[in-house]
Every structure is written in C-alpha cells, then in structure tokens.
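# Observations on the three-dimensional arrangement
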Amino acid sequence: MSNGKIIDGKAFAEDLRGRVAVLAAQFEAHAGRKAGLAVVLVGEDPASQVYVRSKGKQTVACGMASFEHKLPEDTGEGALLDLVEKLNADPAVDGILVQLPLPPHIDEQKVIAAINPDKDVDGFHVISAGRLAVGQPGFVPCTPLGCLMLLKDRLGSLSGLDAVVIGRSNIVGKPMAQLLLAESCTVTVAHSRTRDLPAVVRRADIVVAAVGRAEMVKADWLKPGATVIDVGINRVPDTRPGAEPGKTRLVGDVDYAGAIQVAGAITPVPGGVGPMTIAVLLRNTLVAAHRNAGIALADDAI
Ligand code: NAD
C-alpha cells in the first residue's frame, strides 16, 4: 500500500477486510456456520457507541455474524460477568470484545480476565499478553498488530532494525515492543520518564509513536529515511488559515508536515493506523473461528 512516502492505512485496511471476507466465506462453507463476533457495550458513551456500531457493520460486511449486547449504564459487575460466561460457552461466538472503558463501578481487569483466552480477539487478557511474550499462538491487540502489518508491508524484513516505541501502555506500547522484538528488531521502549527523548528517537529506523500528545515528535528528532508509525489520535483546534473559528481537527503524535520531509515513510492521521484497528479485529475473529472449529489456517494466510 505505497503512495510515495505516505503509508495508506485506509487502503491496506480495505484490502485486509477483502481478504477476511474471502476466507470467511470459505470458513462458512467448511464449518457450516459463520464466524461470529460478540461485542458488549455497557452504557451510553457516544464514542464507544460509534465504535461498536462500526465494528458490527464491518463484521457483517465481511460475511461474519455480529452479536451486539447493549447493556444499561447501571448494569452490575455480576450481570456482566454472567453474560461473558454465556458468550464463552456459546459455540456461535468465536470472538468476544467488551468495549472499554467500562463504567467506574465495574472492575475492567476482572471482566477481561473472565473472557476465554481462545475468544480474546482484543488480546487484552493476561494469558494473551503472556502468549505474545513467550511466542505462543494467541491474540495480539489489534492496533499494534495493525502497525506491524503496515511496517512489514512497507519494509519487508524488519530484522536487525533499530525500533523505538514511544509509550508503554498495555494496549499499544508494550505489545508493539513485543511484536517488533519477535521480528528481530533492536527495541527501545521510551515513555514519560525517558531522558533526552529526541536523542533516543534519532537512533531509530522505525519509530512508533503511541503517546496521546499532539504533534510531539518533531522532524529534527528523526533519522533521515526512518519509517514513522503514528498511533496518536488527538483533537486540536483547527488554526489553519481559512479554517472556521471553533472548528477542530485530528492530529497524531507526530508533526506530520515536518516529519514527512525527513522520514522515509509515514502514516497520516487520519487514514493511517486508525482504520487498521477494526480490520485486524475482524482478522483476529476469523483466526479464532478457525482455531475454535479445528480448521487449519496457514500462518501466512492473513
Ligand atoms: P496511554 O495514555 O495509555 O499511554 C501513553 C503512553 O505515553 C504512556 O506509556 C506514557 O508513559 C507515554 N508518555 C506520556 N507522555 C509522554 C512524553 N511526554 N514523552 C514520552 N512518552 C510519554 O495511551 P494509549 O492507550 O497507549 O494511546 C496512545 C495514543 O494512541 C492516544 O492518542 C490514543 O488515542 C491512540 N490510540 C489510537 C488507536 C488507533 O486505533 N489508532 C488505538 C489505541 C490508541
């Protein structure tokens, strides 16, 4: 998915969804049922509602079954755990995703821990994190796996490259670092306490920025030719000439306009990493379906 220096995540994600759809149809023919994804939403958070709707629509568009469970804000932890148990036992459900954040009266870790790791298509379960760390088959969180796919598509082998991941969250930074290590990169994980971050980033052939600080990574932090993956999604006032007063726009963690002059390749925001997340979720669900049904799927099939 190359367009000069710009890594087109939107086009890659569309292609990935197309490949998922082909394999989902083959799975259905073989297994006599569709691969199924259950998405659980508790409460009315508007952003979560948009994500859940989008996940459901894209699941169906790929020829898989979508089971949406929308529960009221005041749902108790016990009731949510009961639902997770039901979904764990349901043979029509291959993947279970509990949309985060959950309301404050529910312990998120407890709910994630209740999901059967073989249906943990979000890859947030500690068993999934452990499997990734020791190199066993499991599920990897969707956003970092999407970043890895974009990197391999652009660079081919990553072996021996210096990679700097900025951010150490459980859902992006840490699994990203594990994935890059598994590809034989020399990995540095930088974070809020890192000293002289620009100097650390300047060593990198690959930079993955997952911080949540608008345009923090500057062009002069980059080694010329570096490949830059910008995970950040930050809403900022639109101060560009001609913009309507009060309007906002999305920017990443990297100063894109400056960085594209120096980088060898870079993901834009929007249209880079963002569209990959749901496409990888569908991919993980399809993989789960094959494993759960005992149907072989080649490692490089998708
Ligand atoms: P988080 O807040 O959990 O973690 C941020 C990390 O950045 C922390 O580990 C922290 O140590 C580090 N950090 C904070 N300030 C720093 C600084 N000044 N210098 C260096 N490191 C610093 O965030 P997250 O959930 O990992 O998400 C990161 C960003 O990625 C956010 O903008 C989020 O919206 C975005 N995101 C995008 C997608 C997607 O689908 N594209 C998915 C998940 C997250």
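This text gives an overview of the structure that appears in the document.

Definitions and cut-offs
- Residues numbered from 1 in each chain as written.
- Predicted model: local features only at pLDDT ≥ 70, side-chain atom pairs only at ≥ 80, totals over all residues.
- Heavy atoms only, no water.
- Pairing = 2+ DSSP bridges.
- Helix = DSSP H or I, 4+ residues; strand = E, 2+ residues; numbered from the N terminus.
- Axes fitted to C-alpha atoms, helices over the stretch in contact; angles between N-to-C directions.
- Contact = heavy atoms within 4.5 Å.
- Near = heavy atom within 4 Å.
- Polar contact = N/O pair within 3.5 Å; in protein donor to acceptor, adjacent residues only side chain to side chain.
- Areas by Shrake-Rupley, 256 points an atom, 1.4 Å probe, with all protein chains shown as cover.

## Looking at the sheet that holds strand 4 (residues 65-71)
- Spatially, 3 strands are ordered 4-3-5 in an open sheet, and the strand pairing comes out parallel. Both edges of this open sheet fall to strand 4 and strand 5 (95-98), since each of them pairs with a single strand only. Here the strands of the sheet are splayed against their neighbours by 15 degrees on average, with no regard to which way each runs.
- Across 7 bridges, the pairing between strand 3 (residues 36-42) and strand 4 is parallel. Looking across to strand 4, one finds that Val40 is bridged to His69.
- Where helix 2 (residues 46-61) meets the sheet, its contacts fall on strand 3, strand 4 and strand 5, and the angle it forms with strand 4 comes to roughly 160 degrees.

## A closer look at unusual backbone geometry
- In this chain, Leu100 is followed by Pro101 through a cis amide linkage whose omega measures 0 degrees.
- With respect to the secondary-structure elements, Pro101 resides in the loop between strand 5 and helix 4 (108-114).
- Going from Val269 to Pro270, the amide bond is cis rather than trans, its omega being 0 degrees.
- Residue placement: Pro270 occurs in the loop between strand 12 (265-266) and helix 10 (274-293).
- Backbone geometry places Asp196, a non-glycine residue, at a positive phi of 50 degrees.
- With respect to the secondary-structure elements, Asp196 resides in the loop between strand 7 (186-190) and helix 8 (197-202).

## Description of the site of the ligand
- As a structural note, the neighbourhood of the ligand is formed by 22 residues, with Arg168, Ser169, His191, Ile233 and Thr277 the closest of them.
- In this structure, an oxygen atom belonging to the ligand sits 2.8 Å away from a main-chain N or O atom of Arg168.
- A distance of 3.1 Å separates an oxygen atom of the ligand from a polar atom in the backbone of Ile233.
- Contact with the protein chains hides 72% of the accessible area of the ligand, taken as 860 Å² for the molecule alone.

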